Each structure stands twice: as C-alpha cells, then as structure tokens.
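Coordinate inspection notes
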Amino acid sequence: QVQLVESGGGLVQAGGSLRLSCAASGRTFSSYAMGWFRQAPGKEREFVAVNSWSGGSTYYADSVKGRFTISRDNAKNTVYLQMNSLKPEDTAVYYCAARKAYISGTNYPTTYDYWGQGTQVTVSS
C-alpha cells in the first residue's frame, strides 16, 4: 500500500515557476514508477510526466517537454515536478500517482494503482 500527498501548488503569473512535491508513505516507494497527471475543469485527466523507480528513465507529454522536470529522492520517499515557464493552459489540479512498472510513452490514468488528493495550480495571464 502506498499513500501519496501532494503539495506546492498555488497561484503564479505566466512565465513563473512552481515546484510540486509528492510525499509517499510505505517502504516500497522506491520500487514504484511515479507519474504526474493534471485535470482542468471540464476536461479529462491527462498525463504530464513519469519516471522509473530509479529516476533514470523519464517521459514527458509534448505539452510540457522542455518546461517541466520530474525527479525523485527515494531516500525521502518524494517525487517532484519542477514547472518552469508556466502558461495559463497549465492551470489544473495536479496529481501524483504510483504504479509498479515504468512505461515509456503516454501513460493512462487507469493503469495507475495509487493516487494523491491533488494540488491546485493556477497560472494567471
């Protein structure tokens, strides 16, 4: 069992930066691939980024590639999402999620086993 708690969301102007954190409970955190997803009002939850259990492999959605960076610290049971050059269209609730196997390419929410409660990111123009 893995429990996830996101933090770090907030209101930022376009062009600004935020770093989201996702703290995980459970001693098996380092064996899970970790993903970030987001959901804007009236839209489906969409994939943002994923990294492997070691952090050595990552994959990003085209919409965030070059602006967002996913990383993890297994000693702290935490995964991060550094978001730079934010745009109003990045406004959404951001969720972290865990699954056993790392898959390169677009990840689908239904393939993840554990989810956090989400943190709101609002980017003003």
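In this report, the structure presented in the accompanying data block is examined. As the structure is a prediction and not an experimental result, all values here were calculated from the model.

**Focus on the overall build of the protein chain**
The helix and strand tally for the protein chain stands at 0 helices and 11 strands. For the protein chain, the sequential pattern of α-helices and β-strands runs β-β-β-β-β-β-β-β-β-β-β. Each principal axis of the C-alpha atoms in the protein chain carries an extent, and together these give about 40 × 25 × 25 Å. In the protein chain, which comprises 125 residues, the proportion classed as buried is 43%. Of the contacts made within the protein chain by residues no fewer than 6 positions apart, 59% connect residues no fewer than 24 positions apart. Approximately 6200 Å² of the protein chain is accessible, and the part contributed by carbon and sulfur atoms is 48%.

**Observations concerning the pattern of salt bridges**
A side chain of one charge can pair with a side chain of the opposite charge when the charged atoms of the two come close. Taken as a whole and judged by the stated rule, the model has 4 salt bridges. Taking the shortest distance from any N to any O, the salt bridge between Lys 65 and Asp 62 comes out at 3.1 Å. Asp 62 sits in the exposed class, given a relative accessible area of 65%. The salt bridge involving Asp 90 is made with Arg 67; its shortest N-O contact spans 2.8 Å. On the criterion of sequence distance, the pair formed by Asp 90 in the loop between strand S8 (78–83) and strand S9 (92–99) and Arg 67 in the loop between strand S6 (58–60) and strand S7 (68–73) is long-range, its members being 23 residues apart.

**Re the layout of surface pockets**
By volume, the largest pocket is sized at about 170 Å³. In this structure, the largest pocket is lined by 13 residues; those nearest its centre are Arg 38, Lys 43, Glu 46, Glu 89 and Asp 90.

**Thoughts on the sheet that holds strand S3 (residues 18–24)**
Read from one edge of the open sheet, 4 strands run S1-S3-S8-S7, paired in antiparallel fashion. Strand pairing shows two members of the sheet lacking a second neighbour, strand S1 (4–7) and S7, which therefore form its edges. For this sheet the average axis-to-axis angle between neighbouring strands, irrespective of direction, equals 15 degrees. Strand direction decides the pairing type here: S3 and S8, joined by 6 bridges, are antiparallel. Bridge pairing links Ala 23 to Thr 78 in S8.

**Considering the state of the cysteines**
The term disulfide refers to a covalent linkage connecting the sulfur atoms of a pair of cysteines. A full pass over the atoms with the stated rule returns 1 disulfide. Disulfide partner of Cys 22: Cys 96, at an S-S distance of 2.0 Å. Residues Cys 22 and Cys 96 are joined by a disulfide whose S-S torsion is about 55 degrees; by sign, that bridge is right-handed. Residue Cys 22 is located in strand S3, and its partner Cys 96 is located in strand S9; the two are separated by 74 residues in the primary sequence.

**As for the side chain of Asn 51**
By the secondary structure assignment, Asn 51 is in strand S5 (residues 46–51). A relative accessible area of 0% means that Asn 51 is categorised as buried. Only 3.5 Å separates the side chain of Asn 51 from the side chain of Arg 72, close enough to count as a polar contact.

Conventions used here
- Per chain, residue numbering runs from 1 following the sequence as it is written.
- With the structure being a predicted model, the display of local features is reserved for residues of pLDDT at least 70 and the display and counting of side-chain atom pairs for 80 or more, all residues being used for whole-chain, interface and lining totals.
- The basis for every side-chain value is the complete set of non-hydrogen atoms in the structure, without hydrogens or water.
- Strands here are runs of E lasting at least two residues and helices are runs of H or I lasting at least four, both read from the DSSP assignment and numbered beginning at the N terminus.
- Only protein chains enter the accessibility calculation, which uses a 1.4 Å probe. A residue is then buried if its area is under 20% of the maximum for its type, exposed if over 50%, and partly exposed in between.
- Residue contacts are defined here by distance: any two heavy atoms, one from each residue, within 4.5 Å place the two residues in contact.
- Note that accessible areas follow from Shrake-Rupley with a 1.4 Å probe, and for residues the cover is restricted to the protein chains shown.
- Salt bridges are defined by distance alone: a side-chain nitrogen of Lys or Arg within 4 Å of a carboxyl oxygen of Asp or Glu.
- Cavity means a closed set of points on a 1 Å grid over the protein atoms alone, one where a 1.4 Å probe fits but cannot get out, pocket means an open set with protein on both sides within 12 Å along at least 5 of 7 lines, and lining means a residue has an atom within 4 Å of a point.
- Grid points are joined across faces, edges and corners, and a volume is the space filled by probe spheres set on the points.
- The rule for pairing is simple: two strands pair if DSSP sees at least two bridges between them.
- Under this scheme, a helix contributes an axis fitted over its contacting stretch, all axes are lines through C-alpha atoms, and angles between N-to-C directions fall in the 0 to 180 degree range.
- Disulfides are defined in this document as cysteine sulfur pairs within 2.5 Å.
- Under this definition, polar contacts are N or O atom pairs within 3.5 Å; protein pairs additionally need one hydrogen-donor-capable and one acceptor-capable atom, and for neighbouring residues in sequence, both atoms have to be side-chain atoms.

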